[in-house]
2 protein chains.
Amino acid sequence: MLTIRCRCGFRFAQLLLALSLLASIPTALAEDGYELWQRYRPLGGGAIEQYRRSVQRIIVKGDSPTLRAVAQELNAAIARLLPGDSSREASDSAAALIAGTAQSDSSIAALRLDLGSLPAGGFVIRTLRLEGRNAIVIAGRDEVGVLYGAFHFLRLLQTLQPIDALDIREAPRIKLRMLDHWDNLDRSVERGYAGQSLWDWHKLPDYIDPRYVDYARANASIGINGTVLTNVNANATSLTPQYLEKSAALARVFRPYGIRVFLSARFSAPIEIGGLKTADPLDPGVRAWWQAKVAEIYRYIPDFGGFLVKANSEGQPGPQDYGRSHADGANMLGEALAPHGGVVIWRAFVYSNEQPDDRAKQAYTEFVPLDGKFRDNVLVQVKNGAIDFQPREPLHPLFGAMPRTPLMMEFQITKEYLGFATHLVYLGPLYEEVLRADTYRPRQGTTVASVIDGSAHSYRLTGIGGVANTGSDRNWSGSHFDQANWYVFGRLAWNPSLSSRSIAEEWVRLTFGNEPQIVQPVVAMMMSSHQAAVDYMTPLGLHHLMDRGHHYGPGPWIEGGPRADWTSVYFHRADARGIGFDRTSAGSNAVSQYAPPLAHIFGDVRRVPEDFLLWFHHVPWDYRTQSGRILWDELVHRYSRGAEHVTEMRKTWQTLQPYVDAERYAQIDAFLAIQAKEARWWRDACIAYFRTFSNRPLPAGYAEPGHSLAYYESLKFPFAPGHE
Amino acid sequence: MLTIRCRCGFRFAQLLLALSLLASIPTALAEDGYELWQRYRPLGGGAIEQYRRSVQRIIVKGDSPTLRAVAQELNAAIARLLPGDSSREASDSAAALIAGTAQSDSSIAALRLDLGSLPAGGFVIRTLRLEGRNAIVIAGRDEVGVLYGAFHFLRLLQTLQPIDALDIREAPRIKLRMLDHWDNLDRSVERGYAGQSLWDWHKLPDYIDPRYVDYARANASIGINGTVLTNVNANATSLTPQYLEKSAALARVFRPYGIRVFLSARFSAPIEIGGLKTADPLDPGVRAWWQAKVAEIYRYIPDFGGFLVKANSEGQPGPQDYGRSHADGANMLGEALAPHGGVVIWRAFVYSNEQPDDRAKQAYTEFVPLDGKFRDNVLVQVKNGAIDFQPREPLHPLFGAMPRTPLMMEFQITKEYLGFATHLVYLGPLYEEVLRADTYRPRQGTTVASVIDGSAHSYRLTGIGGVANTGSDRNWSGSHFDQANWYVFGRLAWNPSLSSRSIAEEWVRLTFGNEPQIVQPVVAMMMSSHQAAVDYMTPLGLHHLMDRGHHYGPGPWIEGGPRADWTSVYFHRADARGIGFDRTSAGSNAVSQYAPPLAHIFGDVRRVPEDFLLWFHHVPWDYRTQSGRILWDELVHRYSRGAEHVTEMRKTWQTLQPYVDAERYAQIDAFLAIQAKEARWWRDACIAYFRTFSNRPLPAGYAEPGHSLAYYESLKFPFAPGHE
């Protein structure tokens, strides 16, 4: 910036001008986040020379759309990663990178890599000698496998891994790896904090935004192979020809990248757009309508994936409106989809308007009796926990409890309950904690991951879905760090055994570069960030304390309104004696839905992990926690610890300024300042509220809330984003 | 793109690879439209050497935020326009570009340029000898004048104008040059077709999007000096401290660029956020509330511009709710703003829910009796025509009819009625037609421009506002060509005598470069585009034929609903005899609101310009038009001509592919395809509809509509964007 304070004459001005010119010229490639983890900046470091020697030519035979995409990606990426490589040789003896399938390239077929035994999407990457020259072969079980292999190889380069002795054999562990978009036809996004929907419905099908291709590239690079375009709170209009034509245009863009399009189905569509008088799943007219509608959809989208359905939940229509079961509803749709190869993904996130029982119990109560009653092209999609994507929840009791029904995992990538786009909360540890949780069904060691990858119960279909955090914001996800949540979801969907730490490190290298000065501190920030958010929002197993409707900021005082379980007081149950939801046999007995060993652990206040203490128990304020502090003091401690951690994260970030471009540095710093402010707000508001029950002073050394409880209760945010 | 169809071995693949590498490497600076007319690409052509010789050094003395912005812009722009200029000399004798005011730079003061006689924002640019060296001086009457001069100078370079003998003296002709944002607090934009609001209210004031600076730069470059942040259909929440803090943060960003922040004021705010029982403008409590509120606003925004008010119109509250006049309401707010230097912009776009008279007459009827009754810090803002931003309207009868009240012009930049973002419709000719229209008040030759620039009636305050077309879309305006509408608005606001053609040429050079192969054809497309849109939508003075609510597509059949004047049939009045709205003395007598000579012209079916024929007259189907065709045939002809013109525009565009980058070429081509389809849709639907009245065949050689009238009537677009 040019700042001339003195009457210094022209010489000084000239010097400043020269500096200013340097500073003002825009960099060639803006670091605005648009490129995600596919930035392909020129590589540095000692590995480069080896890379140059090993990739002198790129050979992709074949002419399919997918193989063309492979060739384009490899060529563009390597030209950018290894720029100015004028020494790249064109002779036949030059070291080659060869990508293809056994069908597309006879030299790959000749290698006999046993590709056929790999699951769909699998690939092999080998460094070898081929026809007398050095080569690296990326061989796919199928064409999409080649694409996945190509992205895998590029990731190796981007993270500076050695490639001189590659012997990689990879395949996805889960078949359906899905993004669920809660995107409405008016381009709003329910629980979206990254602008409008990516889908510009109004201009589709005639205008194909180039961004749709980049969406497909990004997803394919982490193995996502399905996308539900529309909100589970569905509008039947999305199934009309006008909109099917639009969805078909998107499907055409995504197809070369191995991504199939799914749609949400509104159960009452036969009435709303079909002109029928009923949507009863046992009504022959209704069944015929869906069969015809599905056949119509496949005329538009020949590889249509199927329907995602939210039925009889939060006011959505469903089979229970006609006295039928979830299985009746799902099977009717499954019957219509089966001839075309489509599936039904039926959500288990249900709670009835009338049911007065603990909401945590309702999905299990309704679905376990239906185990074995679903068609074989139906999957049941279960949220990671039994309430609703809270900052931390114990595993959902359905996992392991439906051995004859393929259960899909539903994670939330968008941070509805975790600070929207401005809070740095890396969700890897949350996902990992759930995937590694032990169901004890049928025996100890049966993890949630083994349920959803099908190994525990030999599911024929397997799947995992993440509620997308994408939108029209330039950086896709609302913040740079939220890109990591999209990334870690995809990587865990590919292999649920990966560690969230290793994925974090991978993402940081792709996103900020390989300098150790930035990689290690940022990974540490990310890995600690989820616990910090739990601490400053809902420590010790508390849940659902956010403000009503938009879920922005604290609202532990929320009560009244249409439903008890849409309030905070229903969940925290604070009173003069203590705090927490008694889900033991003395309370709602939700613990009984877990396998007996787990039920015993959760049901025992001395054995339950303290992170879930108040989830399962109503605990006296003076209960002695593991730290030696009484519960009230521990609660204040954790709230304070969480808020302080954010301040520390920001300090860490500020030491990293030399290693980050100015644009991303500034936005992240501003967002961390917002997070620090809001973490403090959460802490202060919750302490100010809960102290009215505990009637105890804050432990020594802990700051008083900055304002009165009345002040916190008075804050209103009617225009907070993402509200349905 | 890599396409390998043959079993050609590696040599052919290598060749293709080399080509592919070239194609796949992204260009250094994407042409995605983000940079608007400030692209600053390296200049070519013979002028460059002269530019290099003339700008060897850049000298901006002074340390104010505005002068820093000047220095930054000049340095960054010239480094990009004249790159790699290693010969730029640093010696004192090098030719200098010097920018400043007489106060900031004594060498400028010494030139005695009579800057003080210029209006605010004025500047001088001179090529001269200064202290023994060649120099170009950009001297501002004030600091913002320097900024305007700097942008003017850069525009000269960008458009390859000679700079060896500059002698420019410029100043804005209109004082308030405003963008009106119809942006809501939930970030939706009423009648917005470019994504969400630019204002990220939720993250303000803590996060300052760098885009806010680019918004200010773009506006300052065309002389805009005010922005109304919020929708005229206002929410009182925008006046609460929570939101004033956010608006203040934007004002801080805009201030160095000479842009003042205004807010819309909801007339009932004293009730809604003030807790009063009334908003009666004569109530002392209400007056005191507004005075305190305004004082509070100025504490947040010391240079706050004032209020824009829509009152007693389309259901908005206003002084008439209490039996008071528009003057009573405006003066109350004016009284509150006066001590702080703020103004009230009171909209004349009013029509009452009860008034059964021709809506075109209501503003005149209500406002003319109030002439002279407004405080001297009140302006009345009048839309260009009396209905509502129709594709073409005759001048509003208020212009010239309120000599003692400063009338502001309100243009619509966003294309609510002109095809949203996908239609190429350059609005310069529309604006120019209105500005040059003759009011005949008090005498022939008194143009609308002379009314709003104050010269006709010696207004002390003058202003012009444009309803912004900006949004979160990467290209700001929803399409590349819509940027030209923002641009031409700003340029005409600076000088309403400029020609829309010269501005189009200027914009094309800034946006697509100076090659004559592209400049002339694109200017021709732009200049003919407005007439084409009028032809395919509402030819011959027809108006308000669009579909209800969202205004997307044709809806001449719209009838019923809450108000007659929210239907199409109210406006076109087609029947078996003829078509058109009789506004002569035999009809609504709206013509009588114009000056007598103009009333005679408009009221005489033989003298009225045919472009306004059906605006003022109900004309028989067999009326002989100037072309010799009967009216029905002329109607079909014009509809057809408009649709065909779009097809021709697309053909022209396709010949320009060699001169345009791939990214912009493709999007514009896709949008022109949409426009061609929709122009045909408009033509066919309107012909199919109106033929049911005319009962005549299409003239020979004109294509039948593609579908039945029932088909067109059945089309529904419930999610069209921009709906309020």
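Only a predicted model underlies this, so the values are computations on that prediction, with no experimental measurement involved.

Draft legend 1. Inspection of the overall build of chain A at higher detail. Helix and strand counts for chain A stand at 22 helices and 15 strands. For 724 residues, the compact-globule formula gives about 27 Å, and the C-alpha radius of gyration of chain A, at 27 Å, lands near that figure. In terms of its C-alpha atoms, chain A occupies a principal-axis envelope of roughly 85 × 80 × 50 Å. Considering only contacts in chain A between residues 6 or more positions apart, those separated by 24 or more positions represent 72%. Taken as two groups, the 75 positive and 76 negative side-chain charges of chain A have centres that lie 2 Å from each other.

Draft legend 2. Up close: the pairing of strand E10 (residues 343–347) of chain B. Residue and element names in this part refer to chain B. Taken across its 5 residues, E10 has 5 buried, putting it largely inside the fold. A two-sided burial pattern is seen for E10, the buried positions comprising Val343, Ile345 and Arg347 on one face and Val344 and Trp346 on the other. Two elements, strand E9 (residues 306–309) and E10, share 4 bridges in a ladder whose sense is parallel. Following the sheet pairing, Leu308 is matched in E10 by Ile345. With 4 bridges joining them, E10 and strand E11 (residues 378–383) adopt parallel strand pairing. By the bridge assignment for E11, Val344 is matched with Val378.

Draft legend 3. Highlighting the side chain of Lys361(A). Residues and elements named next belong to chain A. Following the sequence through the fold, Lys361 ends up in helix H11 (residues 359–367). Within the local environment of Lys361, its side chain forms a polar contact with the backbone oxygen of Ser588, the two atoms lying 2.7 Å apart. Beyond its immediate chain neighbours, meaning those up to four positions away, Lys361 contacts Ser588, Asn589, Ala590 and Gln593.

Draft legend 4. Quick look at the environment of Arg563(A). Residues and elements named next belong to chain A. Assignment of secondary structure puts Arg563 in the loop between helix H16 (516–537) and helix H17 (569–572). You can call Arg563 buried: its relative accessible area is 10%. C-alpha separation for the pair Arg563 and Gly342, spaced 221 residues apart in sequence, amounts to 37 Å.

Draft legend 5. Expanded view of the packing of helix H16 (residues 516–537) of chain B against helix H21 (residues 662–694) of chain B. Residues and elements named next belong to chain B. Running from N to C, H16 and H21 point in directions that differ by 30°, and their axes come no closer than 9 Å. Judged on the interaxial angle alone, H21 and H16 are roughly parallel. Together, Met525, Tyr536 and Met537 of H16 and Leu672, Gln675, Ala679, Trp682, Arg683 and Cys686 of H21 make up the contact between the two elements. Each residue belonging to the contact of H16 with H21 can be placed in one class, and the counts come to 7 nonpolar, 1 polar and 1 charged.

Draft legend 6. Spotlight on the packing of H16(B) against helix H20 (residues 631–655) of chain B. All names here are of chain B. The contact between H16 and H20 brings their axes to 8 Å, and the two run at 155°. With respect to H20, the element H16 is oriented roughly antiparallel. Crossing of H16 against H20: the hand is left-handed. From H16, Pro521, Val522, Met525, Ser528, Ser529, Gln531, Ala532, Asp535, Tyr536 and Met537 reach across to H20, where they touch Arg638, Tyr639, Arg641, Gly642, Ala643, His645, Val646, Met649, Thr652 and Trp653. Residue classes in the contact of H16 with H20 are distributed as 11 nonpolar, 6 polar and 3 charged.

Draft legend 7. Inspection of the nonpolar core at higher detail. Core analysis: the largest hydrophobic core is formed by 233 residues, its most contacted members being Phe153(B), Phe254(B), Trp290(B), Phe307(B), Trp653(B) and Phe690(B). No other element matches the 13 residues that H21(B) contributes to this core. Within the second largest apolar cluster, 232 residues are counted, among which are Ala47(A), Val60(A), Leu244(A) and Trp290(A).

Draft legend 8. Local environment of the confidence of the model for chain A. All names here are of chain A. Of the residues in chain A, 94% have a pLDDT of 70 or more, and the chain-wide mean is 94. Note on residues 1–28: pLDDT is under 50 here. Beyond four places in sequence and across chains, it has 41 contacts. Quick note on the complex model: pTM equals 0.95, ipTM equals 0.94.

Draft legend 9. Seen up close, the pattern of salt bridges. All names here are of chain B. Applying the stated criterion across every chain, the model contains 100 salt bridges over all chains. For Arg474, the salt bridge identified is with Asp32, shortest N-O distance 2.9 Å. Residue Arg474 is located in the loop between strand E13 (463–467) and helix H14 (482–494), and its partner Asp32 is located in the loop between helix H1 (9–24) and helix H2 (47–54); the two are separated by 442 residues in the primary sequence. Arg474 sits in the partly exposed class, given a relative accessible area of 28%.

Draft legend 10. Representation of unusual backbone geometry. The linkage connecting Leu204(A) with the following residue, Pro205(A), adopts the cis geometry, with an omega of 0°. Tracing the backbone shows Pro205(A) in the loop between strand E6 (176–180) and helix H6 (211–221). Going from Arg441(B) to Pro442(B), the amide bond is cis rather than trans, its omega being 0°. Inspection of the secondary structure assignment puts Pro442(B) in the loop between helix H12 (428–435) and helix H13 (448–452). For Tyr40(A), which is not a glycine, the phi torsion comes out positive at approximately 50°. Taking relative accessible area as the criterion, Tyr40(A) reaches 5% and is therefore assigned buried. Its identity as a non-glycine residue notwithstanding, Glu131(A) has a phi of 50°, on the positive side.

Draft legend 11. Layout of the packing of aromatic side chains. All names here are of chain B. One pass over the structure, following the stated rule, counts 88 aromatic pairs over all chains. Plain terms: the ring middles of Trp199 and Phe254 are 5.8 Å apart, the flat faces sit at 55° to each other, and that makes the pair tilted. Remark: Phe254 occurs in helix H7 (residues 241–254) and Trp199 occurs in the loop between strand E6 (176–180) and helix H6 (211–221); sequence separation between them is 55 residues. The exposure classification of Trp199 matches that of Phe254, with both residues buried.

Rules behind the numbers
Residues numbered from 1 in each chain as written. Chains lettered and ligands numbered in written order. Predicted model: local features only at pLDDT ≥ 70, side-chain atom pairs only at ≥ 80, totals over all residues. Heavy atoms only, no water. Helix = DSSP H or I, 4+ residues; strand = E, 2+ residues; numbered from the N terminus. Rg over C-alpha atoms; globule rule 2.2 N^0.38 Å. Contact = heavy atoms within 4.5 Å. Lys, Arg positive; Asp, Glu negative; His and termini not counted. Charge placed at Lys NZ, Arg CZ, Asp CG, Glu CD. Buried < 20%, exposed > 50% of the residue type's maximum accessible area, 1.4 Å probe, protein only. Pairing = 2+ DSSP bridges. Polar contact = N/O pair within 3.5 Å; in protein donor to acceptor, adjacent residues only side chain to side chain. Axes fitted to C-alpha atoms, helices over the stretch in contact; angles between N-to-C directions. Parallel < 35°, antiparallel > 145°, perpendicular 65-115°, else oblique. Nonpolar A, V, L, I, M, F, W, Y, C, P; charged D, E, K, R; others polar. Left-handed = near helix turned anticlockwise from the far one by under 90°. Core = buried A, V, L, I, M, F, W, Y, C linked by side-chain atoms within 4.5 Å. pLDDT = per-residue confidence, 0-100. Salt bridge = Lys/Arg side-chain N within 4 Å of Asp/Glu carboxyl O. Phe/Tyr/Trp six-rings, centres within 6.5 Å; stacked < 30°, edge-to-face > 60°.

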